[in-house]
Amino acid sequence: SPRSGFLTDDRYYNLADCCAKEGEWMRGIFEVGYTYGWRSAEVTNLQVRQVEIENCRISLDVCAANE
């Protein structure tokens, strides 16, 4: 389904501050979702093995439907 409910700048900064108060892990989840326009399940289903901080890379698994 098409994306909807985009954030205004004020709302973005408010949510980013709230996430940062929870911890860097929550701020990271928020920023990845916001930056790439991913749905919450797409972000929360990521696994550590998919994230390469030193290379600034997130690798997504191939969907079984595409095999």
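Residues numbered from 1 in each chain as written. Predicted model: local features only at pLDDT ≥ 70, side-chain atom pairs only at ≥ 80, totals over all residues. Heavy atoms only, no water.

Scanning the chain from N- to C-terminus turns up 3 helices and 2 strands. When each of the 67 residues of the chain is scored for burial, the buried share is 13%. Long-range contacts, defined as pairs at least 24 residues apart, comprise 19% of the intrachain contacts of the chain with a sequence gap of at least 6. A total of about 5700 Å² of accessible surface is found on the chain, and carbon and sulfur atoms cover 53% of it. (Helix = DSSP H or I, 4+ residues; strand = E, 2+ residues; numbered from the N terminus. Buried < 20%, exposed > 50% of the residue type's maximum accessible area, 1.4 Å probe, protein only. Contact = heavy atoms within 4.5 Å. Areas by Shrake-Rupley, 256 points an atom, 1.4 Å probe, with all protein chains shown as cover.)

Before going further, it helps to spend a moment on the layout of surface pockets. Considering only enclosed or pocket space, the second largest pocket measures out at about 260 Å³ in volume. As for the second largest pocket, its lining consists of Glu24, Trp25, Gly28, Ile29, Val32, Val43, Thr44, Leu46, Gln47, Val48, Val51 and Ile58. At the level of elements, helix H2 (24–36) and helix H3 (40–44) are the ones that each hand at least two residues to the lining of the second largest pocket. Broken down by element, the lining of the second largest pocket gets its largest block of residues, 5 residues, from H2. (1 Å grid on protein atoms, 1.4 Å probe; cavity = no way out; pocket = protein on both sides within 12 Å on 5 of 7 lines; lining within 4 Å. Points joined across faces, edges and corners; volume = space filled by probe spheres on them.)

Going through the model one piece at a time under the given rule, you end up with 5 aromatic pairs. Here the aromatic rings of Tyr12 and Phe30 are separated by 5.5 Å at their centres, their planes lie at 35 degrees, and the arrangement is tilted. With Tyr12 in helix H1 (residues 9–22) and Phe30 in helix H2, this pair connects stretches of sequence that are 18 residues apart. The same class applies to Tyr12 as to Phe30, namely buried. For the pair Tyr36 and Trp38, a centre-to-centre distance of 5.5 Å together with 35 degrees between the ring planes defines the contact as tilted. An aromatic cluster is defined as three or more aromatic residues linked by ring pairs; in this entry it consists of Tyr12, Tyr13, Phe30 and Tyr34. (Phe/Tyr/Trp six-rings, centres within 6.5 Å; stacked < 30°, edge-to-face > 60°.)

Attention now moves to the packing of H1 against H2. In the contact formed by H1 and H2, the axes pass within 6 Å of each other and the chain directions differ by 150 degrees. Within the contact between the two elements, H1 uses Tyr12, Leu15, Ala16, Cys19, Ala20 and Glu22 and H2 uses Trp25, Met26, Arg27, Phe30, Glu31 and Tyr34. Within the contact of H1 with H2, the residues separate by chemical class into 9 nonpolar, no polar and 3 charged. (Axes fitted to C-alpha atoms, helices over the stretch in contact; angles between N-to-C directions. Nonpolar A, V, L, I, M, F, W, Y, C, P; charged D, E, K, R; others polar.)

Mean pLDDT over the chain: 86, with 88% of residues reaching 70 or higher. Element-level pLDDT for the chain is lowest in H3, with a mean of 86, against a maximum mean of 95 in H1. (pLDDT = per-residue confidence, 0-100.)

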